[in-house]
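Coordinate inspection notes
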Number of protein chains: 2
Amino acid sequence: MLSSAEGFEYTPTEGLKAGLPTPAVIDPHELNASTTETYDAIVIGAGYAGLITARDLTSQGRKVLLIEGRDRIGGRTWTSYTDGHAYEMGGTWIHWHQPHLWTEVTRYGLNNQIKDSLEIYPESAPQSTYTGGSRKDWSPAEITAMQEKSAATFFAIDGKHPTEWLPYPHNPSYNRADYVKYDRMSVQDRLDQLDGVLSEEEMAFTKANLGALAGIDFAQISLFDMVQRWLLCGTTQEEYMNHMVRYKLKCGQTGLASCIFDDARSTGKLSYSFSSSLQAINSSDPRRATVTCADGRTFSARQVVCTIPLTVLRSVRFFPELPPLKAEAIAKAKSNLIRKLHVQVEGKQWKSWAGAKFAEEELLMVMGESHSPSGKDTNLVAFHDGANIGDPRIKAKELVKYFEGLHPDMKVKRFVFADYIDSPFSKGGWCVFQPDYMSKYLGALQEPVGNVKFASGDYSDGWRGFIDGAIEGGIIAARAVEQDLRSPPRHPKLTRI
Amino acid sequence: MLSSAEGFEYTPTEGLKAGLPTPAVIDPHELNASTTETYDAIVIGAGYAGLITARDLTSQGRKVLLIEGRDRIGGRTWTSYTDGHAYEMGGTWIHWHQPHLWTEVTRYGLNNQIKDSLEIYPESAPQSTYTGGSRKDWSPAEITAMQEKSAATFFAIDGKHPTEWLPYPHNPSYNRADYVKYDRMSVQDRLDQLDGVLSEEEMAFTKANLGALAGIDFAQISLFDMVQRWLLCGTTQEEYMNHMVRYKLKCGQTGLASCIFDDARSTGKLSYSFSSSLQAINSSDPRRATVTCADGRTFSARQVVCTIPLTVLRSVRFFPELPPLKAEAIAKAKSNLIRKLHVQVEGKQWKSWAGAKFAEEELLMVMGESHSPSGKDTNLVAFHDGANIGDPRIKAKELVKYFEGLHPDMKVKRFVFADYIDSPFSKGGWCVFQPDYMSKYLGALQEPVGNVKFASGDYSDGWRGFIDGAIEGGIIAARAVEQDLRSPPRHPKLTRI
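Residues numbered from 1 in each chain as written. Chains lettered and ligands numbered in written order. Predicted model: local features only at pLDDT ≥ 70, side-chain atom pairs only at ≥ 80, totals over all residues. Heavy atoms only, no water.

Moving on to the overall build of chain A. Looking only at helices and strands, chain A has 14 helices and 22 strands in total. Against the compact-globule benchmark of 23 Å for 497 residues, chain A has a radius of gyration of 23 Å, which places it among compact chains. C-alpha extents for chain A along the principal axes are approximately 75 × 50 × 40 Å. Residues counted as buried form 63% of the 497 residues belonging to chain A. Taking all contacts inside chain A whose residues are at least 6 apart in sequence as the whole, residues at least 24 apart take part in 72%. If you sum the accessible surface of chain A, you get close to 18000 Å²; carbon and sulfur atoms cover 51% of it. (Helix = DSSP H or I, 4+ residues; strand = E, 2+ residues; numbered from the N terminus. Rg over C-alpha atoms; globule rule 2.2 N^0.38 Å. Buried < 20%, exposed > 50% of the residue type's maximum accessible area, 1.4 Å probe, protein only. Contact = heavy atoms within 4.5 Å. Areas by Shrake-Rupley, 256 points an atom, 1.4 Å probe, with all protein chains shown as cover.)

Here you go:
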């Protein structure tokens, strides 16, 4: 198995190692990428949005060049095989209520390849919360009741169940007035309303729960964005967890991504180039767009699909300039600074343990996810944010102490993680919108600009920030490209010829 | 708009008229159907399974002949425009938890085209049940409580929530032991266990509720089959209704089916022939199968996809004979005899009314669905079974009396319906399995036989009996065909050449 330059492993004995083995690295690294050919389409980005677009177009007989800045497929979703364990380095969990993703699961015969991250290990330590500096252990019934009450209270905004005003969770703009109203509110605004309503414990859990999805800066998170995800996830905390962190692919996310990539490659219509950073897209000639990479090569195609993350778009030069609303949306895009960390700890008793902690500059949601391949240890998955926890590349030793401080029996053996925040190919984790952004810009972000189409899980209609949203975007972009290739839209420059 | 020979309209003044206008009838009726060409694939059946297969294959550049016995697309799902109203003549409701269907909704940009059949009309008559010959009107809170209790009790089989033993509702065989165990049980077996546990009212509602899905003959309905649908629908009666009878497409089901058909046709790779009944499939030559129609024409192709309903398969001759298990499954297939009837009644007060009745030879679930185009009347949708209600083609007058007997204020203006039970193209409604059938035969029914693939919502893994299941089957069949076309499987006859 080849290794990606991305990803890190840290052990107290051996320190930090960069680069992880993953089947997401494709051999050969480049195939038939030609600067003289005019492709039917250039797809920029080999995450799920780009892979689906490339697969749909090549299977329709279109010649596609896939350009990817990273050295692998999958974008913010990839599986590393380290120490015999399949670590999901980014996007991980799936659910059959994610329609676009599940259709791919069906297509590649994977519907009997699901495993359960929340399977109960009866000898587990009780779940813990950390409020006011001290740990509290809970019985399953107690913590469930506290969590359900907290979440139900948080989302009963203006005394209504949110299905009352957003009945179609895949159609955020259905009820325009409430869309704008609740998009202008921040999570902090809602938390302020609940001051004195939720107990200190409930408030800390609520913040940890929301923060694990969207980061610690609650004034910069749209309330609507959180509500839509809550609706997609079934509107109870139990179902929220089932949708968010429960079901994984036995073959790993890279297993599914490879099915799609291999499918595209098997058509014979796919050219590709990895480790090729995008610099500029020129669509001033409506019949032939060009894409220039950082290494100076320029490729051309009749159509371009740009799937690079929202927070990276500002580093791309577009000729002609993008329409004002889209440009404004890109300029204002904010990064989600939450970090995901795999923590291998000694002992089996952490499998069904979980911890939730929220304090100033300190946000942690951590849960046991599986036993280690040896059967003796537990792999935890942690989501964290805040200066008191920080970047594991720099503060690994402090983080060992931090995790070991969560419980006297906890002993850290290993960290495995990727960096998305500094990465020039993501500049942050999955996308979460700030207030007053989505209702203004979502449509503009999705809008094609002539022969350049845009697709990303960062700005899909439904499961934004999820693999499903990326696939949704890819399906729509591929169809738009195919329609334009079959009958090019009328265009002033074309009709003047 | 052209008319199909199918479908009926009855009014007390004008009596019964056969044939209904529908955009599902395609003009021209046949296109480039050639008996001399060898197609890449022949797809038999233009319901959703066949349409998806044909669309996927033609968009991949394959030459496809689509053969349909009916005079229209859609199979058991089609929309008739009668008296200004879009009547869904068969499959109607959709949900974003139906992944394969929702992916098509996304592809064709229809996710903002959903309407709500259960929208509350505040001036509605109270909902009614009919037990022991008398009507009882309920407050919304009372009937909800009774229904939730009844359903929860019915599905708490062996004291367990069914997610405990079937955690993956798209993978029925995940837990083989319980699959077989509960598949051997009939709905009647479970009802017998609840004798004395449910009240007479609760029992009547439970029977009406299950019977509306599967017909009146409870000893001939697999308990497992019902449980799987319950799991797919979210395991509360409220969510069951939301998944089953709530959300419709504004463009009608034929609107979506037309998107798929038009997409296939626009490739230039689609030939088709409507009103062509299938007689025989001969796959004895692995390189070239032939399909013979009732009019004597024989077509040939490298691959065949057979999507005709399970209960019709026994009327098709296969050469060579099908494998024993598949043949046995086909021979034993039973028809669902439930009927769907649109009932237009005078007045607006029936919009949020519903009635549930179960007595000997008498099963009725009826609900207000929309106001009529005039705004003055209500369109009800009824599902019924049993000799005391019967075939509206024959017993329309009695049925008028029957419905008017449900409530003193009810006055029937019109029936609109299709017959699927006598139709040679369906021989019954959507598929429901008898006990000890699915766990034995589901795999065999799905299994390809050489270059003949089988796809139908009647025997899909997930949403069996739903549009989603048909699309699931179509996706899998198209992929299997494409793989065989790219690299034909080794075969004794081939290697001998």
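This part is about the packing of helix 2 (residues 99-107) of chain A against helix 13 (residues 467-486) of chain B. At a closest axis distance of 9 Å, the pairing of helix 2 of chain A and helix 13 of chain B adopts a crossing angle of 45°. Here helix 2 of chain A lies oblique to helix 13 of chain B, going by the angle between them. Considering how the two elements wind past one another, helix 2 of chain A and helix 13 of chain B form a crossing that is right-handed. Facing T103(A), T106(A) and R107(A) of helix 2 of chain A, the residues of helix 13 of chain B in contact are E472(B), I475(B), I476(B) and R479(B). Here the contact of helix 2 of chain A with helix 13 of chain B is composed, by residue class, of 2 nonpolar, 2 polar and 3 charged. (Axes fitted to C-alpha atoms, helices over the stretch in contact; angles between N-to-C directions. Parallel < 35°, antiparallel > 145°, perpendicular 65-115°, else oblique. Left-handed = near helix turned anticlockwise from the far one by under 90°. Nonpolar A, V, L, I, M, F, W, Y, C, P; charged D, E, K, R; others polar.)

Opposite the 32 residues of chain A that make contact, chain B presents 32 residues. For the pairing of chain A and chain B, the buried interface totals around 2900 Å² over both sides, and the portion due to carbon and sulfur atoms is 53%. With its nearest N and O atoms 3.9 Å apart, the salt bridge here joins D263(B) to R486(A). Where chain A meets chain B, there are 14 residue pairs in polar contact (both at pLDDT 80 or more). (Buried area = accessible area lost by both parts, 1.4 Å probe. Salt bridge = Lys/Arg side-chain N within 4 Å of Asp/Glu carboxyl O. Polar contact = N/O pair within 3.5 Å; in protein donor to acceptor, adjacent residues only side chain to side chain.)

Quick look at the domain arrangement of chain A now. Residues and elements named next belong to chain A. The domain architecture assigned to chain A consists of domain 1 (3-115 + 251-332 + 426-486) and domain 2 (118-245 + 338-417). Taken together, the 39 residues of domain 1 in the interface contact 49 residues of domain 2. Carbon and sulfur atoms make up 58% of the surface buried where domain 1 meets domain 2, a total of about 3700 Å² over both sides. When the area that domain 1 buries against domain 2 is broken down by residue, the three leading residues are Y10, W93 and W430, summing to 20%. Here domain 1 is connected to domain 2 by 4 salt bridges. Here domain 1 is connected to domain 2 by 27 residue pairs in polar contact (both at pLDDT 80 or more). Those elements that place two or more of their residues in the side of domain 1 that touches domain 2 are strand 1 (3-11), strand 2 (15-21), strand 7 (85-88), helix 2 and helix 12 (438-446). Considering every element that reaches the side of domain 1 that touches domain 2, the biggest residue donor is strand 1, with 5 residues. A per-class count over the side of domain 1 that touches domain 2 returns 19 nonpolar, 14 polar and 6 charged. (Domains from an automatic or database assignment.)

Residues and elements named next belong to chain B. A sheet is described by the order of its strands in space; here 9 strands give the open sequence 2-1-21-17-20-19-18-9-10, paired in mixed fashion. The sheet terminates laterally at strand 2 (15-21) and strand 10 (134-138), the two strands that pair on one side only. Averaged over all pairs of adjacent strands, the angle between strand axes in this sheet comes to 25°, irrespective of strand direction. Looking at chain direction, strand 9 (residues 127-131) and strand 18 (residues 354-359) are connected through 3 bridges and run parallel. When the sheet's bridge partners are listed, T129 is paired in strand 18 with A356. In this fold helix 11 (residues 396-404) packs onto strand 1 (3-11), strand 17 (339-346), strand 18, strand 19 (362-371), strand 20 (377-385) and strand 21 (412-417), with an angle of close to 120° to the strand it touches most, strand 21. (Pairing = 2+ DSSP bridges.)

Glancing now at the UniProt feature "domain: Amine oxidase" (unreviewed entry) in chain A. In the numbering used here, UniProt assigns the feature "domain: Amine oxidase" (unreviewed entry) to residues 49-481 of chain A. Annotated as residues 49-481 of chain A, this span is 33% helix and 22% strand, and its ends, taken at the C-alpha atoms, are 14 Å apart. (UniProt positions renumbered as here; feature names shortened; annotations may be inferred.)

Another aspect to go through is the packing of aromatic side chains. A complete count under the given rule lists 52 aromatic pairs over all chains for this structure. Taken together, a centroid distance of 6.0 Å and an interplanar angle of 50° make the contact between W165(B) and F224(B) tilted. Residue W165(B) is located in the loop between helix 3 (140-155) and helix 4 (176-184), and its partner F224(B) is located in helix 7 (residues 223-232); the two are separated by 59 residues in the primary sequence. Judged by relative accessible area, which is 3%, W165(B) ranks as buried. Feature note: the residues W96(A), W102(A), Y247(A), Y168(B) and Y174(B) constitute an aromatic cluster, connected by ring pairs. The side chain of K326(A) reaches across the aromatic face of F454(A), ending 3.5 Å from its centre. (Phe/Tyr/Trp six-rings, centres within 6.5 Å; stacked < 30°, edge-to-face > 60°. Lys NZ or Arg CZ within 6 Å of the ring centre and 35° of its normal.)

Under the definition given, this model contains 76 salt bridges over all chains. D116(B) serves as the salt-bridge partner of R246(B), at 2.9 Å between the closest nitrogen and oxygen. In this pair, R246(B) sits in the loop between helix 8 (237-245) and strand 11 (247-249) while D116(B) sits in strand 8 (residues 114-116), placing the two residues 130 residues apart along the sequence. For D422(B), the salt bridge goes to R393(B), with nearest N and O atoms at 2.4 Å. Taken together, the positions of D422(B) in the loop between strand 21 and helix 12 (438-446) and R393(B) in the loop between strand 20 and helix 11 put the pair 29 residues apart, joining distant regions of the chain. For D422(B), a relative accessible area of 45% translates into the label partly exposed. Bridged by salt links that share partners, the residues R62(A), R479(A), E482(A), R486(A) and D263(B) form one connected network.

Before going further, it helps to spend a moment on the pairing of strand 2 of chain B. All names here are of chain B. With 6 bridges joining them, strand 1 and strand 2 adopt antiparallel strand pairing. Opposite F8, over in strand 2, you have A18 as the bridge partner. Remark: 3 residues form the turn of the hairpin made by strand 1 and strand 2, two consecutive strands paired antiparallel.

Attention now goes to the environment of T307(A). All names here are of chain A. Among the structural elements, T307 can be located in the loop between strand 15 (298-306) and strand 16 (317-319). Separated by 143 residues in sequence, T307 and E164 have C-alpha atoms that sit 34 Å apart. Apart from the residues lying within four places of it in its own chain, the contact partners of T307 are V43, I44, G45, A49, G50, A455 and S456. Only 2.6 Å separates the side chain of T307 from the backbone oxygen of I44, close enough to count as a polar contact.

Residue and element names in this part refer to chain A. By the secondary structure assignment, S276 is in the loop between strand 12 (270-273) and strand 13 (278-282). Residue classification places S276 among the buried positions, given a relative accessible area of 4%. Side chain to side chain, S276 and S273 meet in a polar contact 2.7 Å long. Apart from the residues within four sequence positions on either side, S276 is in contact with I67, E68, G69, C293, D295 and R297.

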